[in-house]
Amino acid sequence: MNKRNVLKAKLDIIFKKLFTENIQLLVDLLSSLLEIPIESIKDIEIKNSEILPDSIEGKFVKMDINMEVDGKLINIEMQYGKDYNYKERTLFYWSKLYSGELKSGESFKDLKQSICINIVNFPIFDCKEYHSHFTVIEKSRYEVLTDKCAIHFFELGKISKNANKHNKKELWLQLINAETEEEFEMLNQSGVAPIQEAVFVIYQMSEDEKIQEAARMREKALHIEATNMEGAREEGLQEGIQMGTVNVAYKLLKRNRPLEEIAEDTGLTIEEVRALSVM
């Protein structure tokens, strides 16, 4: 039996297609991640369901799901590649989500509860828990300033590999993290209907050549983006190291250390140290 070339739900374009085109799966995902009764979710309006062709290959494109759910503003983002500024980035997006709906003349009391859900494919916190929930609280009394701010992080790398049919939150995250047909089949055997339906939809999409090609193009674009970002970061680190070395050399010159010793201690050439001494 030939194995399927199964798509990965953690690839942002597939994640968005899976949940914007299957609203009941999105409802179940929200219920599980936010730990709210599924029957309490009455109304969902997705505000950016479209996936434009030119966004598939675009660099730095945010392939999120922005929606209003029962009067709350919710944004879900699947972050596939590593982003070293992701904490700051999600705080910025939360602030835009929170303030963006307030129209001229409206009162601040009309601002809606705004929730950012970040599912990340890389480690972001130094803890063993896969779920981190942030809000705004007073530092010593732990008094919550407002219930209108909530930022969630779910780290896929910390999810157990063993499917537990009694923990739907973990089942959803395992499905999003799955990369092989064996992993999807393990989830299929959980007997949990929404998870089984999601596996079926993933299998269907995996048979569509156009979706396969779009996923391939998107993954390639994200790989190029990650490579460029890593290269820029490494270049910045090297520049920082170089500047630190130069500063050390300056200090040693002020102490009248011999040029040869400064060169040996800093790794600069004698010519570079001599050039610094006359500047």
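Now for a quick tour of the structure. As the structure is a computational prediction, the values presented were derived from the model and not from experiment.

### Quick word on the nonpolar core
If you look at the biggest cluster of nonpolar residues, it comprises 55 residues, and the most contacted ones within it are Leu30, Met67, Ile76, Ile117, Ile119 and Leu175. Setting aside chain neighbours within four positions, we find Leu30 in contact with Glu35, Ile36, Ile41, Ile44, Met67, Val69, Ile74, Ile76 and Ile117. In this structure, Tyr86, Trp94, Val120 and Phe153 belong to the second largest nonpolar core, which totals twelve residues.

### Comments concerning the pattern of salt bridges
Tallied over the full model, the rule gives 16 salt bridges. The salt bridge partner of Lys109 is Asp110, with a shortest N-O separation of 3.6 Å. On the basis of relative accessible area, Asp110 is assigned to the partly exposed category, the value being 36%.

### Examining the packing of helix 1 (residues 12-20) against helix 2 (residues 23-34)
When two helices pack together, their arrangement is given by the angle between their axes and by how far apart the axes lie. Between helix 1 and helix 2, the shortest axis-to-axis distance is 6 Å and the interhelical angle comes to 105 degrees. Taken together, the axes of helix 1 and helix 2 are roughly perpendicular relative to one another. Contact residues: Phe15, Leu18, Phe19 and Thr20 in helix 1; Ile23, Leu25, Leu26 and Leu29 in helix 2. For the contact of helix 1 with helix 2, the class distribution of residues is seven nonpolar, one polar and no charged.

So, how was this worked out
Residues numbered from 1 in each chain as written. Predicted model: local features only at pLDDT ≥ 70, side-chain atom pairs only at ≥ 80, totals over all residues. Heavy atoms only, no water. Core = buried A, V, L, I, M, F, W, Y, C linked by side-chain atoms within 4.5 Å. Buried < 20%, exposed > 50% of the residue type's maximum accessible area, 1.4 Å probe, protein only. Contact = heavy atoms within 4.5 Å. Salt bridge = Lys/Arg side-chain N within 4 Å of Asp/Glu carboxyl O. Axes fitted to C-alpha atoms, helices over the stretch in contact; angles between N-to-C directions. Helix = DSSP H or I, 4+ residues; strand = E, 2+ residues; numbered from the N terminus. Parallel < 35°, antiparallel > 145°, perpendicular 65-115°, else oblique. Nonpolar A, V, L, I, M, F, W, Y, C, P; charged D, E, K, R; others polar.

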